[in-house]
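# Survey of secondary and tertiary structure
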Amino acid sequence: MWWRWLLQRRTWWWLAIALLLRGAYFWLFLHEHGLHGAWYGWGAENGDTPGYFEPMDAYLSGNGYRPDFRMPGYGLPFLIFRWYTTPQGAGTALLFLQYALGVWSVVVLARCTRMLGATPRMQDLTCVAFALFGRVAVYDVHWFTESLCISATIIAVHGWLAGLRSGHWSALLWSGAWMAWAVFLRPIQALWLALMAVGLVLFLSYATRRRLILAALFLLPFLLVDGLWVRRNYIVHGQLAPLTRGMVMPELAGSQMYPVMRFMQVIGGNYLHWDPSATIRWFNMREGPLGAPGKRTDKDVHMPLFALSPSITVDSLKVLAREMAEYSDSTLVGDARTRALGLITARCDRYIAHYRSERPWQYQVTARVRLTGLFFRRAGLAGLLADAPRKPGPWVTPLEVLDRAMHWSVLIGGLLGACLFMSRWRTDRIRAWLALLTVIGVFVVPWGLRMCEGRYLVPLYPWLLVLLVLAIAGRSMLGKSNG
């Protein structure tokens, strides 16, 4: 059976390594980022956290799942824990679930490289390297979707590979269930879900009818759960919404930040207001859509000269910056504030239209290249440790150096490995397909969505690491190291 590897000695060695290394990270990051009085318990709270948990508390109170901007994949385990404990207890329990699945994902990822033909030494390298990946482990203590999404996707891909090898329906149903959860955690994972189903049709060694049946079985968990979600959205809102009902949070869509953010995305500027070097800060946007006390300090922020066009001059950019500053004045209230927001929105809409028509190459290509550079440099991400560690130790500098080294080596090496395997499509189709999935996952963010937040790169690290390891291993047969 496809699950017998659980009984092998190597599996238990991998589990011991993962428990030790990810456990050390969990303890360290919990002290650095958590345990400081967050409303939901021991973890690190952020601006997105209430959007995941408040709808579940509303549901328990009998008010339905609202606000419902986000899909309920992350809130679901929180809801289960809430049936038995307080919001603080549920939030803390969720952290330990993230840690447990994070540990298991290390073991499963090493198993994936085994199924893809890596040597035993390369399998062990994958286990140790992924367990040491601090930029992944740090999300175990944050109430973000990254930790659970990474684990769910790794387990799903393992089941997918097992299904390709054995053709067993249980492996594909198992894989589809985990992938369905990954989509409900991060809707962009629907791309992987669809392409994995296509891969089953292309690569299974059966008649076409049986391939289609097995692919449909893989999709069945998502179709069932999403069908209920679509039905609920239609009843509540009168619209068909298979995933989320929009890309923008309601509080952002109605703020002064959103029009300037859209302009930044069009020109390829950094729109992450909390980033000290973000382009958007030149336009006096620092405190977020809802505002925050105090003024954040800028770092090397200059006028974005790449935004200029015949109709967008230096003076016009200064006007927009001045209007943003005026809007931030707390004495501006009522109709005057509404008019100021209307002026900012209209001005940004004009600038966007001018840039598209007057700078088509910059709009279509250069801006996306610039966003890719920001994405690869992990725009908006702080260091692994708190800015002012409460207990400074000798591990601070080594961890930061290791974080940067692993990021660039895995990113560059993984992309080169992806190119290598995609060039071997005819002889190495499974790894070529995994490479294609990874490349699409990386570049859909800056090129398709025009986004640059470095957090969105984190779920791709496991697959970039696998491609790097496989390229080093130099093996080409699926499952040659079968064990």
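Just so it is clear, the structure is predicted and the values come from calculations on it, not from any experiment.

Take the nonpolar core next. Counting residues in hydrophobic clusters, the biggest one holds 150 residues, and the most contacted among them are F29, F130, W192 and F263. Broken down by element, this core gets its largest block of residues, 13 residues, from helix α4 (residues 87–115). Ignoring any residue separated from it by four or fewer positions in sequence, one finds F29 in contact with G34, G134, A137, V138, V141, L384 and L385.

Here the residue pair R66 and P67 is connected by a cis peptide bond, since its omega of -5 degrees sits within 30 degrees of zero. Along the chain, the position of P67 falls in the loop between α2 (49–60) and α3 (75–82). Not every positive phi belongs to a glycine, and D300 is a case in point at roughly 55 degrees. As for its position among the elements, D300 is in the loop between α12 (257–267) and α13 (314–327). Residue classification places D300 among the exposed residues on the basis of a relative accessible area of 62%.

Here Y327 shows up in helix α13. C-alpha separation for the pair Y327 and N284, spaced 43 residues apart in sequence, amounts to 9.6 Å. When neighbours within four sequence positions are excluded, Y327 is seen to be in contact with Q256, L332, R337, A340, L341 and I344.

The next thing to look at is the pattern of salt bridges. Applying the stated rule across the entire model yields 16 salt bridges. Between R82 and D57 there is a salt bridge whose closest N-O contact spans 2.8 Å. Taken together, the positions of R82 in helix α3 and D57 in helix α2 put the pair 25 residues apart, joining distant regions of the chain. Like D57, R82 is buried. E146 is the salt-bridge partner of R186, the closest N and O atoms lying 3.8 Å from each other. In this pair, R186 is assigned in the loop between α8 (169–185) and α9 (190–203) and E146 in helix α7 (residues 146–166), connecting sequence segments 40 residues apart.

This part is about the state of the cysteines. Under the criterion given, the structure shown has zero disulfides. No disulfide involves C452; its nearest neighbouring cysteine sulfur is the one of C348, lying 16 Å away.

Below, the discussion takes up helix α1 (residues 9–33). Spanning 25 residues, α1 covers 35 Å between terminal C-alpha atoms, matching the ideal 36 Å at 1.5 Å per step. Looking at α1, one finds that the buried residues are T11, W14, L15, A18, R22, Y25, F26, L28, F29, L30, E32 and H33. Among the structural elements, α4, α5 (120–131), α6 (134–137) and α16 (396–422) are those in contact with the buried residues of α1. Where α1 terminates, the next one or two residues include L35, which has phi positive at roughly 60 degrees.

Turning our attention to the packing of α7 against α8. Following both chains from N to C, one finds α7 and α8 inclined at 155 degrees, their axes separated by 8 Å at the closest point. As summarised for this structure, α7 and α8 are arranged roughly antiparallel, according to the angle between their axes. The handedness of the crossing between α7 and α8 is left-handed. Only A171, L172, W174, S175, W178, M179, W181, A182 and L185 of α8 make contact with α7, whose side of the interface consists of L148, C149, A152, T153, I155, A156, G159, W160, A162 and G163. Here the contact of α7 with α8 is composed, by residue class, of 15 nonpolar, four polar and no charged.

Right, let's talk about a nonpolar patch on the surface for a bit. Side chains of Y59, L60, L76, I80, W83 and Y84 sit close together on the surface and give an oily, nonpolar patch of about 680 Å² of accessible area. Residue assignment for the nonpolar patch shows that the elements contributing at least two residues are α2 and α3. Mapped onto the fold, L60 is located in helix α2. We classify L60 as partly exposed; its relative accessible area is 34%.

As for its placement among the helices and strands, R368 is situated in helix α15 (residues 360–376). Once residues lying within four places of it in the same chain are set aside, the contact partners of R368 are Y363, P446, W447 and R450. In this structure the side chain of R368 is engaged in a polar contact, spanning 2.7 Å, whose partner is the backbone oxygen of W447.

About the criteria used
Residues numbered from 1 in each chain as written. Predicted model: local features only at pLDDT ≥ 70, side-chain atom pairs only at ≥ 80, totals over all residues. Heavy atoms only, no water. Core = buried A, V, L, I, M, F, W, Y, C linked by side-chain atoms within 4.5 Å. Buried < 20%, exposed > 50% of the residue type's maximum accessible area, 1.4 Å probe, protein only. Helix = DSSP H or I, 4+ residues; strand = E, 2+ residues; numbered from the N terminus. Contact = heavy atoms within 4.5 Å. Salt bridge = Lys/Arg side-chain N within 4 Å of Asp/Glu carboxyl O. Disulfide = S-S within 2.5 Å. Expected span 1.5 Å × (residues − 1). Axes fitted to C-alpha atoms, helices over the stretch in contact; angles between N-to-C directions. Parallel < 35°, antiparallel > 145°, perpendicular 65-115°, else oblique. Left-handed = near helix turned anticlockwise from the far one by under 90°. Nonpolar A, V, L, I, M, F, W, Y, C, P; charged D, E, K, R; others polar. Patch = residues over 30% accessible without salt bridge, like charges linked within 9 Å, V, L, I, M, F, W, Y side chains within 5 Å. Areas by Shrake-Rupley, 256 points an atom, 1.4 Å probe, with all protein chains shown as cover. Polar contact = N/O pair within 3.5 Å; in protein donor to acceptor, adjacent residues only side chain to side chain.

These values are about where atoms sit, not about what they do.
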